[in-house]
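Spelled out from the first residue to the last, the chains are:
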Amino acid sequence: MTADGRAPVSPREVCFLIGGEGQVLWSDAGPSPVALPDSRARWEAIWARRGELVEIAHSHPIGPHAFSQEDRTTMAALDAALGRRLRFSVVSPSGVVVRDAEGNETTTARDPAEPAWVGELRRRSGIKE
Amino acid sequence: MRVVFCGVGALGSQCVLACRNLDASLTLIDFDRVESKNLLAQAYVKQSLGKNKAQALALQLANFWGVKAEAKGVRLEAHNVEALCAGADLLVDCFDNQASRALLSAHARAAGIPLVHAAVAADGSFGLVRWDARFVPDAEDAQGQATCEGGEHLPFLSLVAATLARAIQDFARSGVERDAMISLAAVTPTASGRAGA
Amino acid sequence: MAILNITYNGLSCDVPAELHAETSDFDLKRIAVEIVRCGDLPGLHIANLADDAFEHYVVDRFDTPEGGQRLYLRPKVPFGGGARGA
């Protein structure tokens, strides 16, 4: 059991769709710590919530602390489809990597002031606190 | 003279290229779009992938040879056959299915427009060029004969297309309507006549 | 006859298309580029759309009860870190 009494989660990639208030609009999880396969349901969730969607975050529970090539091509496809650039994030054991709507990338270590959804994404991904 | 090519797939597209020096205006009718597999046995180039076939072939004629052709990227059907064939002095049937051949033939006979058909056997063993008065279409299962799908029969398809182009050329010059049967061994004249004879 | 749905630049539109059931994803993407270029997609006409505009898209195919096909050309949405150290 974890410190908060919940059963430990095996490492797996998780995706959050985040709204303007930092709220999780939708989420799903993959079977693996290194991949979150393509999903029509995920696309439909993105399209249906495109009006309130500001960020798409996912986890790399065992790294890397960076966007992968798969991530980058998916981000390009989503930007093209939505007609605007979203903010994208990767949450790894080392911290958070962000690509903002202007295309700038920043890499940060764990930060006590990080949004609440980051901790939730870590927990659901099986990343140790 | 206005020549209307109905269907610009394997036979039609190659025949159109061979007719590019004709003293005639060319009209191309086809609803289909260029797919990768079509590059194997049709006159299309990679840059035409995704385009409507009639428009793609007209573009290739203009870009590569400076030849203007009119493109009609629609399916020939009962409700539009009269409009699509209006003003034609010669109709060329390069369709790949019996229904379209029969529709075109009925219209040509009713409107008194000369019509020449071209067809290849599904196994690529022989081909025909036959003017409408002597043409009976074979039944077939589906559109797109196997001969047109792969590149295996490209030389033979080119032979049939060239024979059809020569028949069109002869008609344009002298009004003669020459039939031919084509096999890999020979191109055999089988009949000839004159328009209205 | 198939109905092709294309999502691009914030729009999602249906367009009837003469497509064979076995049309490959590659060809479908090229056909979609031409459809957008020539303005056949209502509200979305981009004459200079790049050849590779749909490079990172996927095709979802569904049969309709009427015997036709509905095809959805949409962005791919996988994410993944890949193997550690990759």
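Check the entry above for the structure.
Anyway, here's the lowdown on the structure attached to this text. (Residues numbered from 1 in each chain as written. Chains lettered and ligands numbered in written order. Predicted model: local features only at pLDDT ≥ 70, side-chain atom pairs only at ≥ 80, totals over all residues. Heavy atoms only, no water.)

Some points on the pattern of salt bridges
So, step 1. Taken as a whole and assessed by the stated rule, the structure comprises 27 salt bridges over all chains.
So, step 2. As a salt-bridge pair, Asp170 of chain B and Arg178 of chain B come within 3.0 Å of each other at their nearest N and O atoms.
So, step 3. Its relative accessible area of 7% is what places Asp170 of chain B among the buried residues.
So, step 4. When salt bridges that share partners are traced, they join Asp38, Arg40 and Glu44 of chain A together with Asp60 and Arg74 of chain C into one network. (Salt bridge = Lys/Arg side-chain N within 4 Å of Asp/Glu carboxyl O. Buried < 20%, exposed > 50% of the residue type's maximum accessible area, 1.4 Å probe, protein only.)

Here's the deal with the nonpolar core
So, step 1. In this structure, Leu17, Ile46 and Ile56 of chain A together with Leu4, Ile6, Tyr8 and Phe54 of chain C are the most contacted members of the largest nonpolar core, which totals 48 residues.
So, step 2. Here Ile46 of chain A is in contact with Leu17, Leu53, Ile56, Leu78 and Leu82 of chain A together with Val77 of chain C, once residues within four sequence places are set aside.
So, step 3. Counting residues in hydrophobic clusters, the runner-up holds 42 residues, among them Val8, Cys19, Ala118 and Ile168 of chain B. (Core = buried A, V, L, I, M, F, W, Y, C linked by side-chain atoms within 4.5 Å. Contact = heavy atoms within 4.5 Å.)

Digging into the sheet that holds strand S1 (residues 2–6) of chain B
All names here are of chain B.
So, step 1. With respect to topology, 8 strands assemble into an open sheet ordered S3-S2-S1-S4-S5-S6-S7-S8, the strand pairing being mixed. Edge strands, defined here as strands with exactly one partner in the open sheet, are strand S3 (69–72) and strand S8 (187–194). Going across the sheet, the axis of each strand differs from the next one's by a mean of 15°, ignoring polarity.
So, step 2. Of the pairings in the sheet, the one linking strand S5 (residues 115–120) to strand S6 (residues 126–131) comprises 5 bridges and is antiparallel in character. (Pairing = 2+ DSSP bridges. Helix = DSSP H or I, 4+ residues; strand = E, 2+ residues; numbered from the N terminus. Axes fitted to C-alpha atoms, helices over the stretch in contact; angles between N-to-C directions.)

As for the interface of chain B and chain C
So, step 1. Counting residues at the interface gives 12 residues for chain B, matched by 12 residues for chain C.
So, step 2. For the chain B and chain C pair, buried surface summed over both sides reaches about 1100 Å², with 44% attributable to carbon and sulfur atoms.
So, step 3. On the chain B side of the contact with chain C, Arg33, Glu35 and Leu49 of chain B bury the most area, a combined 46% of that side's loss.
So, step 4. At the surface where chain B touches chain C, the tally comes to 4 salt bridges.
So, step 5. Where chain B touches chain C, the interface holds 6 residue pairs in polar contact (both at pLDDT 80 or more).
So, step 6. Considering only residue class, the side of chain B that touches chain C consists of 2 nonpolar, 3 polar and 7 charged. (Buried area = accessible area lost by both parts, 1.4 Å probe. Polar contact = N/O pair within 3.5 Å; in protein donor to acceptor, adjacent residues only side chain to side chain. Nonpolar A, V, L, I, M, F, W, Y, C, P; charged D, E, K, R; others polar.)

Description of the environment of Ser100 of chain B
So, step 1. Mapped onto the elements of the fold, Ser100 of chain B is located in helix H4 (residues 98–111).
So, step 2. It is 9.2 Å that separates the C-alpha atoms of Ser100 of chain B and Ala78 of chain B, two residues lying 22 residues apart in sequence.

Structural notes on the interface of chain C and chain A
So, step 1. Across the boundary between the two partners, chain C contributes 23 residues, which contact 32 residues of chain A.
So, step 2. Each partner contributes to the roughly 2300 Å² buried at the junction of chain C and chain A, and carbon and sulfur atoms together form 61% of this total.
So, step 3. Applying the counting criterion to the chain C and chain A interface returns 3 salt bridges.
So, step 4. Between Asp38 of chain A and Arg74 of chain C there is a salt bridge; the shortest N-O distance is 2.7 Å.
So, step 5. On the surface where chain C and chain A come into contact, there are 16 residue pairs in polar contact (both at pLDDT 80 or more).
So, step 6. Contributing elements (two or more residues each) for the side of chain C that touches chain A: strand S1 (2–8), strand S2 (11–17), strand S3 (57–63) and strand S4 (69–75) of chain C.

Regarding the sheet that holds strand S6 (residues 105–109) of chain A
All names here are of chain A.
So, step 1. With mixed pairing, 6 strands are arranged side by side in an open sheet as S2-S1-S3-S4-S5-S6. A single partner strand is all that each edge strand has here, and the edge strands are strand S2 (24–29) and S6. Shown here is a sheet whose adjacent strand axes are inclined to one another by a mean of 15°, direction ignored.
So, step 2. Sheet strands touched by helix H2 (residues 69–82): strand S3 (53–59), strand S4 (87–92), strand S5 (95–99) and S6. Its angle to S4, the strand with the most contacts, is close to 155°.
So, step 3. The sheet contacts of helix H3 (residues 116–125) involve strand S1 (14–19), S2, S3, S4 and S5, and relative to S1 the element is tilted by about 160°.

Taken by themselves, the reported measurements are silent on function.
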